[in-house]
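Next come the chains, spelled out residue by residue.
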Amino acid sequence: MPRFPGLDEGKDPNCITRLSQSRGLPLKLLVILVLLLGLLIVFSLRVCTRSGVLECGIIAAARPSFRLCVGEQGNRSLQQWIKPPSDLMHSMYDKELFWRATFVPQIKGYPFSRVPKIAFMFLTKGPLPLAPLWERFFKGHEEYYSIYIHSLPSYHEEVSSTSIFYRRRVPSQVAEWGRMSMCDAERRLLANALLDISNEWFLLLSESCIPLFNFSIIYHYIKRSRYSFMGAFDDPGPYGRGRYNPNMEPEVKLTQWRKGSQWFEVSRKLAIQIVRDTTFYPKFEAFCKPACYVDEHYFPTMLTIQAPELLANRSLTWVDWSRGGAHPATFGRGDITPEFLKRIVERQSCLYNGQRSSFCELFARKFAPNALDPLLRLASSIFGY
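Computed from a prediction, not measured in an experiment: that's the story for all the values here.

The rules behind the values
Residue numbers run consecutively from 1 along every chain, following the written order of its sequence. The predicted nature of this model means local features are confined to residues of pLDDT at least 70 and side-chain atom pairs, given and counted, to a pLDDT of 80 or more, with totals for whole chains, interfaces and linings taken over all residues. Each side-chain value is worked out from all heavy atoms of the structure, with water and hydrogens disregarded. Runs of H or I in DSSP of at least four residues are treated as helices and runs of E of at least two as strands, each being numbered from the N terminus. Summary of the burial criterion: residues with accessible area below 20% of their type's maximum are buried, those above 50% are exposed, and those between are partly exposed, where the area comes from a 1.4 Å probe applied to protein chains only. Residues are treated as being in contact if the distance between any of their heavy atoms lies within 4.5 Å. The criterion is simple. A nonpolar core is a set of buried Ala, Val, Leu, Ile, Met, Phe, Trp, Tyr and Cys residues joined through side-chain atoms within 4.5 Å. A pocket, in this scheme, is an open set of points on a 1 Å grid over the protein atoms alone with protein on both sides within 12 Å along at least 5 of 7 lines, while a cavity is a set where a 1.4 Å probe fits but cannot get out; residues line either one if an atom lies within 4 Å of a point. Grid points are joined across faces, edges and corners, and a volume is the space filled by probe spheres set on the points. Here the term charged refers only to Asp, Glu, Lys and Arg, the term nonpolar to Ala, Val, Leu, Ile, Met, Phe, Trp, Tyr, Cys and Pro, and the term polar to all other amino acids, Gly among them. If DSSP finds at least two bridges between two strands, the strands pair. In protein, a polar contact requires one atom able to donate a hydrogen and another able to accept it; more generally it is a pair of N or O atoms within 3.5 Å, and residues adjacent in sequence count only if both atoms are side-chain atoms.

## Brief notes about the environment of P116
Part 1 of the argument: Following the sequence through the fold, P116 ends up in the loop between α3 (94-101) and β3 (117-123).
Part 2 of the argument: A relative accessible area of 18% means that P116 is categorised as buried.
Part 3 of the argument: Distance in space between the C-alpha atoms of P116 and I197 is 8.7 Å, their sequence separation being 81 residues.
Part 4 of the argument: Each residue touching P116, except ones within four places of it in the same chain, is listed here: Y144, S198, E200, W201 and Y219.

Shown next, in the form of structure tokens:
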């Protein structure tokens with residue numbers, strides 16, 4: 001039988017040796033490459049961990065560029081939507097604030113027990129010198145009111161933490177009498193008050209105002225009224241129609257031009273209409289400047305055009321114009337007597353829900369800071385608080 005040589009037979013031994021050596025060389029290189037690769041991986045892990053891409057040796061998923069707001073994490077309850085802010089200061093611009101404030105639920109009624117409140121909105125230059133009188137007026141009725149203060153931005157609040165006025169300031173801007181910045185301040189107060197879903201009525205006051213009756217009488221008077229108390233009358237004289245600018249057309253015609261007191265009370269529905277207005281605002285801003293005093297014409301004219309059936313066409317705030325001039329009379333310590341206060345309270349006659357009434361003005365102005373002490377002495381016997 002023929003013999004076939006093995007695979008190694010017939011080959012040069014030197015050749016076999018060289019072949020064995022050539023096979024050993026790639027193995028060493030492979031080991032070196034593996035070691036280098038391992039070192040590279042360890043180095044990469046350390047660099048990535050420091051840069052925040054890796055944590056605890058585990059590759060993290062890409063993170064979004066936004067964070068959930070407070071209150072969005074976990075279960076959300078209705079209380080988070082309806083609870084009013086404890087601190088009224090915020091960073092919203094007017095445009096953002098007005099947009100947020102005019103949100104209106106489309107379902108009638110409320111899915112919770114809602115106690116309607118009066119928003120007392122104080123438009124001031126600085127402090128409230130008659131605050132002790134107001135403290136007495138509000139005492140015991142915390143469930144039925146809320147307070148908002150718009151003062152000059154330069155004013156630094158100095159109010160005790162136990163006061164009802166503590167942290168009740170809203171973000172403010174300079175407001176000039178007779179100019180559109182005054183109406184801006186009033187709209188800003190309304191918008192901030194609208195953020196509390198429980199506020200149903202909105203009352204504008206100054207630092208020189210006082211309440212003429214106790215809280216219960218005023219609350220029920222406003223609550224039971226079918227109308228909002230915004231003065232809006234047609235004055236044919238130079239201080240009424242004489243201030244009209246024909247450039248107001250077509251939005252406002254001369255026959256629609258109205259005048260009224262700056263101090264008003266409006267329902268939530270009308271407050272929203274005032275805040276969301278973009279139709280009449282540009283016209284009044286451009287064509288009602290001194291000697292056209294925009295705070296006397298803008299809201300009365302706009303609401304007369306949009307919702308005349310909802311207006312009582314009178315104010316709730318008593319003032320004395322008998323002394324003449326651009327501003328009403330101011331009353332100080334020497335003016336405050338029982339007889340003087342009784343004349344204000346008792347000599348009243350008006351229509352209330354279509355019926356003749358002796359309760360007309362619920363507030364009065366202007367009272368100087370030095371009138372505080374006699375007002376405190378007489379408040380219980382004259383005003384009932």
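## Remarks on unusual backbone geometry
Of all residues except glycine, most have a negative phi; of all peptide bonds, most are trans.
Part 1 of the argument: Between E249 and P250 the backbone carries a cis peptide bond, its omega angle lying at 5°.
Part 2 of the argument: Take P250: it is sitting in the loop between α6 (215-224) and β7 (265-267).
Part 3 of the argument: Across the junction of R365 and K366, the peptide omega takes the value 10°, indicating a cis bond.
Part 4 of the argument: Mapping K366 onto the fold places it in the loop between β11 (363-364) and α11 (372-383).
Part 5 of the argument: Unlike most non-glycine residues, R167 shows phi in positive territory, near 60°.
Part 6 of the argument: In this fold, R167 is placed in the loop between β4 (145-150) and α5 (180-194).

## What about the nonpolar core?
Part 1 of the argument: One finds F120, W134, F367 and F383 to be the most contacted residues of the largest nonpolar core, which totals 52 residues.
Part 2 of the argument: If one sorts the elements of this core by residue count, α11 sits on top with seven residues.

## Quick look at empty space enclosed by the protein
Part 1 of the argument: If you walk through the whole model with that rule in mind, you get one cavity of 30 Å³ or more.
Part 2 of the argument: The volume enclosed by the largest cavity comes to roughly 30 Å³.
Part 3 of the argument: Lining the largest cavity, in full, are E186, M230, S261, Q262, F264, D295, F299 and P300.
Part 4 of the argument: For the lining of the largest cavity, a count of residues per class yields four nonpolar, two polar and two charged.

## Overview of the layout of surface pockets
Part 1 of the argument: The volume enclosed by the largest pocket comes to roughly 1,000 Å³.
Part 2 of the argument: Looking at the largest pocket, it is lined by 40 residues, and the ones nearest its centre are W177, Q262, W263, H327 and R365.
Part 3 of the argument: Grouping the constituent residues of the lining of the largest pocket by class yields 17 nonpolar, 13 polar and 10 charged.
Part 4 of the argument: For the second largest pocket, the calculated volume is near 480 Å³.

## Notes on the sheet that holds strand β6 (residues 210-211)
Part 1 of the argument: Strand order in the open sheet formed by three strands is β6-β11-β8, with mixed pairing between adjacent strands. Of all strands in the sheet, those bounded by a partner on one side alone are β6 and β8 (317-318).
Part 2 of the argument: Note that β6 and β11 share two bridges and pair antiparallel. When the sheet's bridge partners are listed, I210 is paired in β11 with A364.

## Structural notes on the environment of R243
Part 1 of the argument: Positionally, R243 belongs in the loop between α6 and β7.
Part 2 of the argument: Overall, R243 belongs to the buried group, its relative accessible area being 12%.
Part 3 of the argument: Setting aside its immediate chain neighbours within four residues, R243 contacts P238, W257, K259, A291, C292, Y293, E296 and H297.
Part 4 of the argument: From its side chain, R243 meets the backbone oxygen of Y239 in a polar contact 3.4 Å long.

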